[in-house]
Every structure is written in C-alpha cells, then in structure tokens.
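A look at the structure
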Amino acid sequence: MTLLLTLDDGSIQRKLAEAVDLARAAVLEDAGAEQVGAHVGVDREDAVSASHLFEATVSGYRGWRWSVTVALAGDEEPITVSEVVLIPGPEARVAPAWVPWDRRVQAGDLGVGDIFPVEKDDPRLVPAYLESDDPAVEAVAMEAGLGRVHVLSRHGRLDAAARWHGGEFGPRSDMARSAPDVCGSCGFFVPLAGSLSAAFGACTNDISPADGHVVDVEYGCGAHSEIEVEVTSSVPVAELVYDDSLIDFEPAPATPAEPEPEPAEATVVDESEAPVAETPETAEVQPEVEPEAVVPDSADEAQVEAESASEH
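Numbering of residues begins from 1 in every chain and follows the order in which that chain's sequence is written. In view of the model being predicted, local features appear only for residues whose pLDDT reaches at least 70, and side-chain atom pairs are presented and counted only at 80 or more, with totals across whole chains, interfaces and linings using the full set of residues. As a rule here, side-chain values cover all heavy atoms of the structure and leave hydrogens and water aside.

1. What to know about the overall build of the protein chain
Only runs of H or I of at least four residues qualify as helices and only runs of E of at least two qualify as strands under DSSP, and these elements are numbered from the N terminus. Of the regular secondary structure elements, the protein chain holds 8 helices and 9 strands. Split into buried and exposed, the 312 residues of the protein chain put 22% on the buried side. Of all intrachain contacts in the protein chain linking residues separated by at least 6 positions in sequence, the fraction that spans at least 24 positions is 48%. Under the convention used here, a 1.4 Å probe and the Shrake-Rupley method define accessible areas, while residue burial counts only the protein chains that appear. When the accessible surface of the protein chain is summed, it comes to about 24,900 Å², and 55% of that surface belongs to carbon and sulfur atoms. Burial classes follow relative accessibility: with a 1.4 Å probe on protein chains only, a residue under 20% of its type's maximum area counts as buried, one over 50% as exposed, and anything between as partly exposed. Here, two residues are considered to be in contact whenever any of their heavy atoms come within 4.5 Å of each other.

What follows is the structure, encoded as structure tokens:
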C-alpha cells in the first residue's frame, strides 16, 4: 500500500472516477431502480478510495443522495465496493446538530420534580472556604460559620448581572422604556445585598409585573411609588351642574300688588326746535284759520245764576 501511495500519478483516482457503472450496479442492487436517479458527482475520500453520488428518489428524503464508496487496493487489483449509504445533499432537510442533554436545557425548562445537577467544575461557583471578594458573603461566612459548601464566584455574579440587565426586567425592555421613572427611586424597590446591590433589587409592588422578581435599578413600570396623576373625567362637563332630583321646592311668599303706574305727562315739543319738513316748491301755502270763540247763551247764564242764589 505504501508503494501504491508513493508512485500514484493520478491514475488511481481516474480509475475510481470512471467506475460509475460499478457504483450504479451496487446501489441498484441495494435500493432498486425506482429509488435511484442520475449520477451527480464524485467525492475523493483518500488516495485509494472515492464516493460516487446518485440522486435519491426515496419518498420523504427530498434532496438526499446515494453514496457508493469504491476502492482500489493495487494496480492489478479490481475496483471494489466498500459501502452504499444514503446521505443528505446540500438542499436536504436534516435534523439539527446533536447537543448533549445537559446543554439543551434552557431557562424555564425545569419543571416540578425535575432534577438538574450542577457541573463539577462550574465556573459560577467556588468553594465557600475561598474568599469570594464580596463583603456581604464574607460577613455571613464569619457570623454563621462555614454553612454553605459553595458561594458565587466573581464570574457567577457578572454572568447573572449581564443576564438580568439584558432580560425582561432590564432597562431595555419595552416596559422600562415607556415608564415615567426608574426602580432605583421607587419606594417598592428593595436592593440586594453585597456587590450586586448597586445595580439590582427586588420589586415588592403587587400591581407591578415585576413583583417578586429581581429588577435592574434602571427598570421601571407605571406603578412607581412617586407617580402623581390628576384624575379628571374624560368627558367634558359644565363647571356647575344642577340635579333636579335633589332640589327641595318651597312656595314663594305672596307679595302685595303693585300700584298701577301713573300716566306719563305729555311732552311739550318746541316747534322751533322740531325738524321742519321740507315743502316742495310747487305746493301752495294755505292761510291759517283761527277757531271761532264759543259764546254762551244768555238763557243758560240766567239759569246758572238762579241755581247759585238758591244754594245761598
């Protein structure tokens, strides 16, 4: 085999590439003529072997190919068939790459009764007897003794901080961007202990969607403790409204009749000041006629005098 590889001038690959009929016969024997299509190419495997590719017309395997691997053991040896397999082509639909089960689990997948052990060398945890460079953790360890086997490492805290900061209760969420203020100034915000206290805390407002969750100090919602909203009716109404059903009616006291007004005195109009209507030039002026004086009758005067004398 060493001599064959050393003295190869390309003739071996040419022989392998020309063995199309041999490869087709092998795949027809294995799959049948109704499942084998046209020859689509040759892939070199190594110095003494190559794989011929045929279109697969297998139901449910669109885009797959038959691969027939042929090999040559020597110049005087015949070409042999090594294997016949069905492989996906460039446009075939295949399953995603295999991922170990412990890496498939995502946040929120853990259910009731599920067990998910921590990796032995998890970089997020360090033994409790080591310094964690977190004053709050060190203070608890000194007071309660070595009660916990592991504590958060610096890497674990930074990993959690990055996840919380970019999560649902971080400053870039839709709720935070539309909020009137941030959690850092809210009375319902309870800071965490230790080095995470500067950036994170827990929400205690039952109206907020973040109630009971760790929130970023720059997160916010519409239930901020310092919000003041002027409550007014959305329907415009008059400033003064009377409800007739709530008004008590009482009869008005009788008032004396007002005296009839005296007739107004006739207004004397000075003819000199009154406007004079213009008279057309063609009109004739009529002479004024004085009214005749009424002369009392002598018989009437005698009767009046007799009545006056009888009274005296």
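Having put the structure on the table, let's press on.
2. So, the sheet that holds strand E3 (residues 64-72)
The pairing of strands in a sheet comes from backbone hydrogen bonds and takes either a parallel or an antiparallel form. The strand order E1-E2-E3-E4 describes an open sheet built from 4 strands, whose pairing is antiparallel. Edge positions in the sheet fall to strand E1 (36-46) and strand E4 (79-88), since each of these pairs with one other strand and no more. Mean inter-strand twist for the sheet, computed between neighbouring axes without regard to direction, equals 25 degrees. Here E3 pairs with E4 via 9 bridges, running antiparallel. Opposite Thr-69, over in E4, you have Glu-83 as the bridge partner. Interaxial angle, 0 to 180 degrees, is taken between N-to-C directions of lines fitted to C-alpha atoms, where a helix line uses only the stretch in contact. Across the face of the sheet, helix H2 (residues 11-18) comes into contact with E1, strand E2 (49-56), E3 and E4 while running at roughly 25 degrees to E2. DSSP-based pairing: two strands are paired if at least 2 bridges between them are found.

3. Here we look at the packing of aromatic side chains
Planes of paired rings set the category: under 30 degrees apart is stacked, over 60 is edge-to-face and the rest tilted, where pairs are Phe, Tyr or Trp rings (Trp by its six-membered ring) whose centres lie within 6.5 Å. Throughout the structure, instances matching the rule amount to 3 aromatic pairs. Their ring planes at 90 degrees and their centres at 5.1 Å tell us that Tyr-61 and Trp-64 sit as a pair that is edge-to-face. Residue Trp-64 is classed as buried on the basis of its relative accessible area, which comes to 19%. Ring geometry for Phe-169 and Tyr-219: centres 5.6 Å apart, planes at 85 degrees, overall edge-to-face. Of this pair, Phe-169 sits in the loop between helix H6 (154-165) and helix H7 (174-177) while Tyr-219 is found in the loop between strand E9 (214-216) and helix H8 (298-311), placing the two residues 50 residues apart along the sequence.

4. Topic: the pairing of E1
One ladder, built from 7 bridges, connects E1 with E2; its direction is antiparallel. Bridging across to E2, Val-42 finds its partner in His-52. The turn joining E1 and E2, which pair antiparallel and follow one another in sequence, is formed by 2 residues.

5. Thoughts on a negative patch on the surface
For patch building, the residue pool is restricted to those with more than 30% relative accessible area and no salt bridge; the joining distance is 9 Å between like charges and 5 Å between nonpolar side chains (Val, Leu, Ile, Met, Phe, Trp, Tyr). For this analysis, a salt bridge means a side-chain nitrogen from Lys or Arg found within 4 Å of a carboxyl oxygen belonging to Asp or Glu. When charges are counted, Lys and Arg contribute as positive and Asp and Glu as negative, whereas His and the chain ends are disregarded. A charged residue contributes its charge at one atom only: NZ of Lys, CZ of Arg, CG of Asp or CD of Glu. Judged by side-chain charge, Asp-43, Glu-45, Asp-46 and Glu-83 come together as a negatively charged surface patch. Here the negative patch takes 3 residues from E1, the largest share from any one element. Mapped onto the elements of the fold, Glu-45 is located in strand E1.

6. Structural notes on the pattern of salt bridges
Close approach of charged atoms allows side chains of opposite charge to pair. If you walk through the whole model with that rule in mind, you get 2 salt bridges. Between Asp-159 and Arg-163 there is a salt bridge; the shortest N-O distance is 2.9 Å. With Asp-159 and Arg-163 both in helix H6 and 4 residues apart, the pair spans about one turn of that helix. With a relative accessible area of 31%, Asp-159 lands in the partly exposed category. Two residues, Asp-174 and Arg-177, come together in a salt bridge whose shortest N-O distance is 2.5 Å. One end of the pair, Asp-174, and the other, Arg-177, are both in helix H7, 3 residues apart, so they sit about a helical turn from each other. Both residues of the pair, Asp-174 and Arg-177, count as exposed.

7. What about the sheet that holds strand E8 (residues 200-203)?
Spatial ordering of the open sheet is given by E7-E8-E9, a layout of 3 strands whose pairing is antiparallel. Of all the strands in the sheet, the pair left with one neighbour each is strand E7 (189-191) and E9. Taken pair by pair, the neighbouring strands of this sheet meet at an average axis angle of 45 degrees, ignoring direction. Pairing analysis gives 3 bridges linking E8 to E9, with the strands arranged antiparallel. Within E9, the residue paired with Ala-202 across the bridge is Val-214.

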